[in-house]
Amino acid sequence: MLISINWIKDFVDLEGINTDELIHKFSLSTAEVENEIFYKGSDISGVVVAEIKSVEDHPESKKLHLLKVDAGDDELVDVVCGAPNVRVGMKTAFAKLGAQIGDITIAPRALAGFTSHGMCCSEKELGISDENAGIMDITDDIPVGTDIKSVYEIDDIIFEVDNKSLTNRPDLWGHYGIAREIATLADRPLKQPEVSDLSVYDNLPKIDIKIEDSLCKRYSGIRFENITRKVSPVNMRIRLFYCGMRAINYLADLTNYLMLEMGQPMHAFDSRKVEKIRVKRFDKPFEFSTLDGVSRHIDENTLMICNGDTPVAIAGIMGGLDSEIVDDTTSLTLESANFDAVSIRKSSSRLSHRTDASMRYEKSLDPEMTTVAAARFVKLLSEYDSGIKVTSALTDEYAERFDKVTLDFDKNFVDRYTGIEISNDTIVKTLTSLGFAVKLENDRFTVDVPSWRATKDVTIKADIIEEITRIYGYDNFEVNTASAPLYPVRVFEEKNVEEQIKDILVKRFSLHEVHSYIWAYADEYKKLGIAVEENVKLRGAANPNIETIRRSLVPTQLCQVRSNVSFASDFGIFEIGRVVDGLDENGLCKEKKMLGITLFSKILSAEELYFRLTDMLSVVIDDIRHKPLSYRGIEADHDYVHPKNYNAVLCDGKELGKTGLVYPTVLRKIDKKANVVFAELDIEAIVNTSNAGIKYIETSKFPSIDVDLTFVSDKYAPVKEAIEAAGSELIRNVSVVGTYSDDQGKSITVRLGFVHPERTLTKEEVMEVADKIIAILKEQGIALKG
């Protein structure tokens, strides 16, 4: 939220105070301020109010005009201007020679054969709005030659407060609430906003207002006629623009202005369209067009503002198109209301439409503010449009009040919590300046929490301690070393396994760890031709692209790989993340934590890349559980999986996960010249695998004998099984040397390492075992390659 120091000065005298230091203090004590502070108008100088005395068309241009401008000097100034709205007698913002506008210094300039001795400026060029259709039209009675910065609040200091830090502070969603904090920090009095006395209209007829749903806590309304002003005052438009809002029309701007000032959203209805106000929900869904021209689906849970039975606005979110303020509007009905915070948040989420008003309502605003804001609206409306007429009494329907919060505590409680000595006078002064009513008797405090802090912020005694200490200044606390016992924390096995996996993949294989959200990103999946699989969906998702929760990490990683194909020609990523595999019998998500690994390479073949991945998996499980892995071919169960290269990863006969190649069409959309392989293992299955431990075998003093055997086979599993079936204790190690393809088909070469612990082996002993293996495989139709 953007905050204007000029606006703050309406309520707090900041004369003699360093503004930058004050903003820093606010950030430390109240709410986080973003790093950059904007000094508006500091790059504008030499711009005055000037009057156009004559206008001639340029003889050789259809767009340019030749002007004579009175800038308050002795002579008229010749100016070449291309704005379409120039006219004789118009007053505008004029940059004289030597003026500074941003990075531009105004100097004589030749334009289409004529020299311009200055520049007539648009509001956008001055940085006070986005309006750039023509030069600024000044309608106020200001003498020519007057420095424009002396009559309009172009100079300002703007700082941005992080919205997240205001979540529990509904009172800070307006400048007046911020001013209260600033006044306390600066030790200056807080000025009350000027408001009209609405009691003088009590004799007028009331508006027909009825609250028919408990989701509306309070609804205040008042009517006006004879409204003639259409354009907002310049300073109002400047403040709105500096705080991130655009000017629309006078009445809409005034409600937005009051929302930014008081933190209370309001809505102005054209009185011709609203007679009987009813606040209610409907039994059946329907379509409703809002002010932005969008047709929105309204369900039975969305609170509506109605003219009788006809909906005219979505409560707390946005008005309807049919009741908006238009150019010929001269009468209005003002809404200043308070709605259930949870209802507004859910409705805006269902509608995928979050507005400045809904952001405030969902924070639990103070219901007491509705009438105060209405009185402030009447004050400003009559000030800027003196002919307006109030035609109704303030009609106030107050359906539900928040409970009053009173907290009792003593000085010892404060001292115990803070650990420092803060005087009673300081406590009373701090709380009083923040709006709390404080009674002190014999070191006992009775504190009445103000309504704007009692909706959800200050509810327990510890909250009062926070108020005292943050204003006192956390940086003023004496630093002391805490004395407390420290106990060892047992690391859970799951966490331990995860850390081991990460260390292995990063340190040994140089993989990159990534982090992702649990959503199945439909737009990203679509780019790869991957369908979003049916699964648990987020109800009322604000973005339809992320309404479904993913079943697997693999599509997420394929999207990540696609976004990083230019990073390197060969790389790998991994993540330990969560997926959801539908619902259990209790209707709860079956959540799993998975290890996902994806390798990308433009260098290695698919086969080489796949074996690199299986080597990684073998190392991971061998290091953590000291057990070997095996693989079993399975049917493809996802549309991104290669149907012939998809295997279950097994340990002790139990499935840990799956590994495979990417489907060719998906692979081409990632990179036509690359290969991609993946694996996904269940962390819980790895954790539940028993640890075989490390067995130490004494190294033989006698030489080993290596025998290479090449079999005509496209699978290693039968070869491995035959070696195990041979049952020889002389075989110390087995490794796959390589795979080959020729006219006989695919072949696998294995290397058997033989050794005896007590003597040197003979050739006959070794060959006896080798022949047994060959015979076992021959019975299965797997021959030794000749």
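Because the structure is predicted, anything quoted here is derived from the model rather than measured.

> Please set out the overall build of the chain residue by residue, giving values where relevant.
Regarding its fold elements, the chain presents 20 helices and 36 strands. Expected size for 786 residues packed as a compact globule is a radius of gyration near 28 Å; at 38 Å, the chain overshoots this value by more than 25%. If one aligns the C-alpha atoms of the chain with their principal axes, the spans along those axes are about 120 × 85 × 60 Å. Buried positions account for 48% of the 786 residues belonging to the chain. For the chain, contacts bridging at least 24 residues in sequence account for 70% of all contacts bridging at least 6. If you sum the accessible surface of the chain, you get close to 39,500 Å²; carbon and sulfur atoms cover 48% of it. Charged side chains in the chain number 96 positive and 128 negative. The centres of these two groups are separated by 3 Å.

> For the sheet that holds strand S1 (residues 2–4), give the residues involved together with the corresponding values.
Ordered in space as S1-S11-S2, the three strands form an open sheet in which the pairing is antiparallel. The outermost strands of the open sheet, each flanked by one partner alone, are S1 and strand S2 (33–40). Within the sheet, the average angular offset between the axes of one strand and its neighbour, ignoring direction, is 25°. Summarising the sheet, S1 and strand S11 (residues 156–161) pair through three bridges and their orientation is antiparallel. Across the sheet, the residue bridging to Leu2 is Glu160, located in S11.

> Can you explain the nonpolar core? Please cite residues and give values.
Ranked by size, the top nonpolar core spans 80 residues in total, and within it Phe26, Phe159, Phe224, Leu332, Phe377 and Ile464 carry the most contacts. Setting aside residues no more than four positions away along its own chain, Phe224 makes contact with Ser271, Thr330, Ser331, Leu332, Leu334, Phe377, Val378, Leu381, Ile388, Lys389, Val390 and Thr391.

> So what's going on with the packing of helix H10 (residues 411–418) against helix H12 (residues 461–472)? Residues and values would help.
Interaxial distance between H10 and H12 falls to 10 Å at its minimum, and their mutual angle equals 70°. Taken together, the axes of H10 and H12 lie roughly perpendicular to each other. As for how H10 packs across H12, the hand of that crossing is right-handed. Between H10 and H12, the residues in contact are Phe413, Val414, Tyr417 and Thr418 and Lys461, Ala462, Ile465, Ile468 and Thr469, respectively. Residues that form the contact of H10 with H12 fall into these classes: six nonpolar, two polar and one charged.

> I'd like a description of the packing of helix H13 (residues 493–508) against helix H16 (residues 606–625), backed by residues and values.
Running from N to C, H13 and H16 cross one another at 135°; their axes reach a closest spacing of 10 Å. In terms of orientation, H13 lies oblique with respect to H16. Every pair of crossing elements has a handedness; the one defined by H13 and H16 is right-handed. For the pair H13 and H16, contact is made by Glu493, Val497, Gln500, Ile501, Ile504, Leu505 and Arg508 and by Val619, Val620, Asp623, Ile624 and Arg625, respectively. Of the residues that constitute the contact of H13 with H16, the class distribution is seven nonpolar, one polar and four charged.

> Tell me what's going on with helix H7 (residues 341–351), and back it up with residues and numbers.
Turning to H7, its buried residues number three or more, namely Ala341, Ser343, Ile344, Ser347, Ser348 and Leu351. Along the axis of H7, the buried residues cluster in a sector spanning 160°; they form a single face. Buried residues along H7 sit against strand S17 (295–298), strand S19 (310–314), strand S21 (332–339) and helix H8 (356–361). By the N-cap criterion, in which a side-chain oxygen at the helix start approaches the backbone nitrogen of a residue two or three places on, H7 is capped by Asp340, the distance to Val342 being 3.3 Å. Trailing H7 by a residue or two, Ser352 shows a phi angle of about 55°, which is positive.

Criteria and thresholds
- Residues numbered from 1 in each chain as written.
- Predicted model: local features only at pLDDT ≥ 70, side-chain atom pairs only at ≥ 80, totals over all residues.
- Heavy atoms only, no water.
- Helix = DSSP H or I, 4+ residues; strand = E, 2+ residues; numbered from the N terminus.
- Rg over C-alpha atoms; globule rule 2.2 N^0.38 Å.
- Buried < 20%, exposed > 50% of the residue type's maximum accessible area, 1.4 Å probe, protein only.
- Contact = heavy atoms within 4.5 Å.
- Areas by Shrake-Rupley, 256 points an atom, 1.4 Å probe, with all protein chains shown as cover.
- Lys, Arg positive; Asp, Glu negative; His and termini not counted.
- Charge placed at Lys NZ, Arg CZ, Asp CG, Glu CD.
- Pairing = 2+ DSSP bridges.
- Axes fitted to C-alpha atoms, helices over the stretch in contact; angles between N-to-C directions.
- Core = buried A, V, L, I, M, F, W, Y, C linked by side-chain atoms within 4.5 Å.
- Parallel < 35°, antiparallel > 145°, perpendicular 65-115°, else oblique.
- Left-handed = near helix turned anticlockwise from the far one by under 90°.
- Nonpolar A, V, L, I, M, F, W, Y, C, P; charged D, E, K, R; others polar.
- Arc of directions from axis to C-beta.
- Polar contact = N/O pair within 3.5 Å; in protein donor to acceptor, adjacent residues only side chain to side chain.

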